[in-house]
Amino acid sequence: MSGLKNAADRTAIARLAASLELPAFESGWVWLAGAGPGDAGLVTMLGLHAIASADVILYDALVNEALLSFARPGADIVYAGKRRGKASAKQGDISNQLVALARKGKRVLRLKGGDPFVFGRGGEEALTLARASIPFRIVPGVTAGIGGLAYAGIPVTHRDTNHAVTFITGHGVDGNVPALDWNAISRGSPTIVLYMALAHADEIAAKLMDAGRPANEPAAIVSDATSGKQNVRVTALSELGRAAKQSDAPAILVIGENVKLREGLDWLGAMSGKLLDADPLKRGLLSDAG
Ligand code: SAH
């Protein structure tokens, strides 16, 4: 983007921010903001205002880089993505960097994919700021497990399929499947949404089937959700591990009857000619079928 266009865009953003009475981004503050799951249009107004105002932006791997073109011309734009397995050492570095930059009087934006408080370690970073008495603001974002499913035509809740949903990370602190009460989850949560679970999908599916979930329960994998490369694979719980091996990261996995609604609600597919079935649950829920 040319400097001139950037300046015009930033003026427009500043004007919008003022007319919405958004808070000013003050020196010495850190804002932890979500950039949404991929589609640049899913950033919030507050997130965009933060991008256009910050002196320093530390952004993660899953942030849509097109958003960074709205940064101030002199802003420092730092890639702070983590590589698998090296997360812990770097995590402390990032938090300390946020503190040091704020102490220098910078307006520091920590920009994360999705929502900063959903499996994004935003809480850890904010606690470091709290310990250092650095003032901070949290700017929520559209999380992949909700917005990403919406772009696949899968409502995360739907009255006829699920009154509850559970969000789970497939990747615990030690890199293994977290030690959860899988029997309770299986019985209590009609829909299960999994982040960071491609590598352990077969193990998780096996745990759920051992706990009584039917092998033919619908499941889906949404890769690169909301981006131009979005790919959706609909499968059955028993096939989830195999489908995961053929899917690209990042991906959201979802297990539950609500997956069937995609046949009626795949609005993106409809744009390229797919016929929608306005009654996608008519074959009855699997639980009805026994
Ligand atoms: N804070 C983020 C999640 C960070 S954890 C959020 O709220 O969305 C990273 C995981 O998020 C990935 O492994 C993947 O499971 C999921 N994810 C993030 N962006 C995604 C995307 N565009 N498509 C599919 N999954 C995504």
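Residues numbered from 1 in each chain as written. Predicted model: local features only at pLDDT ≥ 70, side-chain atom pairs only at ≥ 80, totals over all residues. Heavy atoms only, no water.

The subject of this paragraph is helix H2 (residues 45-53). Buried residues dominate H2, accounting for eight of its nine residues. Summarising the contacts, the buried residues of H2 are in contact with helix H1 (3-19), strand E1 (30-34), strand E2 (56-59), strand E4 (108-112) and strand E5 (136-139). (Buried < 20%, exposed > 50% of the residue type's maximum accessible area, 1.4 Å probe, protein only. Helix = DSSP H or I, 4+ residues; strand = E, 2+ residues; numbered from the N terminus. Contact = heavy atoms within 4.5 Å.)

Turning our attention to H1. Taking 1.5 Å per residue, 17 residues should reach 24 Å; H1 reaches 24 Å between its end C-alpha atoms and fits that length. Of all the residues in H1, the buried ones are Asn6, Arg10, Ile13 and Ala17. Around the axis of H1, the buried residues are gathered within 60° of arc, so they sit on the same side. In H1, those exposed residues whose orientation departs by more than 90 degrees from the buried face are Leu4, Arg15, Ala18 and Ser19. Within two residues after H1, glutamate 21 carries a phi angle of roughly 55°, on the positive side. (Expected span 1.5 Å × (residues − 1). Arc of directions from axis to C-beta.)

Looking at the assigned domains, one finds that the protein contains domain 1 (2-142) and domain 2 (145-289). Each of domain 1 and domain 2 has a C-alpha centre, and these two points are 30 Å apart. Opposite the nine residues of domain 1 that make contact, domain 2 presents twelve residues. Each partner contributes to the roughly 770 Å² buried at the junction of domain 1 and domain 2, and carbon and sulfur atoms together form 70% of this total. Summed over the shared surface of domain 1 and domain 2, the result is zero salt bridges. (Domains from an automatic or database assignment. Buried area = accessible area lost by both parts, 1.4 Å probe. Salt bridge = Lys/Arg side-chain N within 4 Å of Asp/Glu carboxyl O.)

This next bit is on the site of the ligand. Around the ligand, a shell composed of 17 residues is seen, among which Pro37, Val118, Thr143, Ala225 and Ala251 lie nearest. Interatomic distance of 2.8 Å between a backbone N/O atom of proline 37 and a nitrogen atom of the ligand. Of the residues belonging to the shell around the ligand, the class tally is twelve nonpolar, three polar and two charged. (Near = heavy atom within 4 Å. Polar contact = N/O pair within 3.5 Å; in protein donor to acceptor, adjacent residues only side chain to side chain. Nonpolar A, V, L, I, M, F, W, Y, C, P; charged D, E, K, R; others polar.)

A separate point is the sheet that holds strand E3 (residues 76-79). Ordered by their spatial adjacency, five strands build an open sheet running E3-E2-E4-E1-E5, and the pairing between neighbours is parallel. Edge strands, defined here as strands with exactly one partner in the open sheet, are E3 and E5. Here the strands of the sheet are splayed against their neighbours by 15° on average, with no regard to which way each runs. Sheet topology note: the E2/E3 ladder contains four bridges and is parallel. Within the sheet, the bridge partner assigned to tyrosine 59 lies in E3 and is tyrosine 79. Packed onto the sheet, helix H4 (residues 122-131) meets E1, E4 and E5 and runs at close to 170° relative to E1. (Pairing = 2+ DSSP bridges. Axes fitted to C-alpha atoms, helices over the stretch in contact; angles between N-to-C directions.)

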